[in-house]
Amino acid sequence: MKRFFLSLIILASSLLSAKAQIIFSDSTEISLLTCDMGAESYERFGHTGVRINDLKSGQDIVFHWGVYDFSEPYFVLKFIKGITDYQIGACYTSDFIGQYRRRGLGMSEQKLDLDSRQRAQAIAAILDNYRPENRRYRYSYFFDNCATRPFDVINAATGNAIAYDTTWIAPVTLRDLLQEKTSTNNWLDFGISLAVASRSDRRASFREQMFLPDYLARAYDNASIDGHKLVKGEPVGLLVTTPEVQALIDDQPTLLSPNVVFSVLFFVMTAMVVMAWRKKSRGWQLAVTATSSLMLAATGITGCIIWFLNFFSLHPAVDQNVNCLWLLPTNVVFAAIIWQKSAKKVNRIYFFIIFALIIAYAVVNFGWMHQYFNPAFVPLFGAIIVMCGHHIFADRNEKKLI
C-alpha cells in the first residue's frame, strides 16, 4: 500500500499544471499507450493513456483518466460508497514512461492512422475533456474508467467511423475478465467473489469488455477506419516487464490459499467438535467456543462491508449480492454473546438461523441468481455448518459433562 501511494504521489508531481494551456500544431501523432499489469492488486488490470506527440513543436504529452484529487477528504469511504470522482490528467510522455520503467512494468504503443481532420477532432475532444470544468468524472470500475474513457472519446471524435472486428471477442462475463487478471484460488479472487455480485456473471458486451486496457488495445488492433487499419503497423514495445516483476505476477502461493486455509479450518473445527462430544471435556468445549467466536467476528466484519456495498454503495455490480444471506453483520454481536451462559437459548436459535440461511443461499443462488460460487466456499460452509450443529445441540452434550 505504501508503494501504491508513493507511485501516485510521484505521478501527481509530474502532472502538468492544472492551469497550463496546451496547444498543438497541425503536425501531430496520436497513439494509444497500454501499460502492462503488475504484481500488486491495484496493478493487476493495467492502465491506458493517449499520447499526443507534436512533431513540429516537440511537445509530447500523455493524457490519461486515472488521477485522483488527494485534497478531497475521505477517499477510502467515498471509494467504497462509489462516489469517487477521478479526473483526466496530463503529463509529459517521458515522465509517464519513466513511472512504469521504475516499477518494472511493460508498455506498448499503437499509433493511430487518422487523417488530419480526425486527429484535430480527437485532440479537440481530449483538450475539451481536460478543461477544468470537464476534467472530473464519476469513476465506475466496469463502465467508466481509464480505458473506457479514451475508447468513448476517440469514437465520438471520429464520428463513430471506427469499425471494430468483434470476431475475436469470446462469450465471457465480467467476472471471467476479472479472473483472467487476478487468477483464481487466491485471496484477491476470493475477496472479489464476496463483493462483486451476480450482475457481473452475465455475458459482457463488446463495449463492456473495453474496461480492460489490453482488451482496448486488441480492439484497436482489429479495427479499421475509412477502409484501412486503424493502427499503423505493429504495436511498438516501449517497455518490457522485468523478469523480477513477471515472477511476482506468475507466483501464485498455494500453501495459504483460501482453499487450504478454509479446509484446515473445517478439519480443525470438526476435530474439536468430535473431541468435545467424545471426551465430554470442558476444555474442548471452550476451544470450540473460542473458534466459533473468531469465525463469527470474521464473517460479521466482512458482512458489514458486503451489506454496506449491497445497500448503500453506488458501484455497479455489487448490489443484489446473494452473499448477504450468509455474511451477517449481526455475527459481530454474537461473537461476544456466545460466551454468555445465560444466552444459551438465544445462541441456539441464532445458530439455527445461520444454518437455515446457508440452505437458503444454496437454493436462491443455484436455483435463481447463479452468482459465482468460489470453490473456497465449500470448506468454509462446511466449517460453519459444523459450528452451527455443535451449538444447536450444545445443551445435549453439556448434560453429559462430568
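Rules of the game
Residues numbered from 1 in each chain as written. Predicted model: local features only at pLDDT ≥ 70, side-chain atom pairs only at ≥ 80, totals over all residues. Heavy atoms only, no water. Salt bridge = Lys/Arg side-chain N within 4 Å of Asp/Glu carboxyl O. Buried < 20%, exposed > 50% of the residue type's maximum accessible area, 1.4 Å probe, protein only. Helix = DSSP H or I, 4+ residues; strand = E, 2+ residues; numbered from the N terminus. Pairing = 2+ DSSP bridges. Contact = heavy atoms within 4.5 Å. Axes fitted to C-alpha atoms, helices over the stretch in contact; angles between N-to-C directions. Parallel < 35°, antiparallel > 145°, perpendicular 65-115°, else oblique. Left-handed = near helix turned anticlockwise from the far one by under 90°.

Asks: So what's going on with the pattern of salt bridges? Which residues, and what values?
Replies: Scanning all chains against the criterion turns up 16 salt bridges. Across the pair Asp144 and Arg149 runs a salt bridge whose closest N-O atoms are separated by 2.8 Å. Arg149 carries the same exposure label as Asp144, and that label is buried. For Asp201, the salt bridge is made with Arg175, and the minimal N-O distance between the two is 2.6 Å. Taken together, the residues span a long stretch of sequence, with Asp201 in the loop between helix H7 (187-195) and helix H8 (206-209) and Arg175 in helix H6 (residues 174-182) at a distance of 26 residues. Take Arg175: its relative accessible area is 3%, and that puts it in the buried class.

Asks: Got a sec to walk through the sheet that holds strand S9 (residues 228-229)? Specific residues and values, please.
Replies: Within a sheet, each strand pairs with its neighbour through backbone hydrogen bonds, oriented either parallel or antiparallel. Strand order in the open sheet formed by three strands is S7-S8-S9, and the pairing between neighbours is antiparallel. Across the chains shown, the open sheet's two edge strands, defined by having one partner strand only, are strand S7 (162-164) and S9. Alignment of strand S8 (residues 223-225) against S9, held across two bridges, turns out to be antiparallel. Looking at S9, one finds that Ile225 is bridged to His228. Contacts between helix H9 (residues 213-221) and the sheet are confined to S7, S8 and S9, with S8 contributing the most and set at about 50 degrees to the helix.

Asks: Could you give me a rundown of the packing of helix H12 (residues 282-312) against helix H15 (residues 377-392), with the residues and numbers involved?
Replies: Packing of H12 against H15 leaves a shortest axis separation of 11 Å and a crossing angle of 130 degrees. Classified by the interaxial angle, the pair formed by H12 and H15 is oblique. Relative to H15, H12 is oriented so that their crossing is left-handed. Only Ala383, Ile384, Met387, His390 and His391 of H15 make contact with H12, whose side of the interface consists of Gln285, Val288, Thr289, Ser292, Met295 and Leu296.

Asks: Describe unusual backbone geometry, naming the residues involved and giving the relevant values.
Replies: One non-glycine residue with positive phi stands out, namely Asn160, at about 55 degrees. Here Asn160 is to be found in the loop between helix H5 (148-157) and S7. A positive phi is found at Gln320, a non-glycine position, where the angle reads about 55 degrees. Examined against the element boundaries, Gln320 turns out to sit in the loop between H12 and helix H13 (331-337). On the basis of relative accessible area, Gln320 is assigned to the partly exposed category, the value being 48%.

Take it as geometry only, folks, not as evidence of what the structure does.
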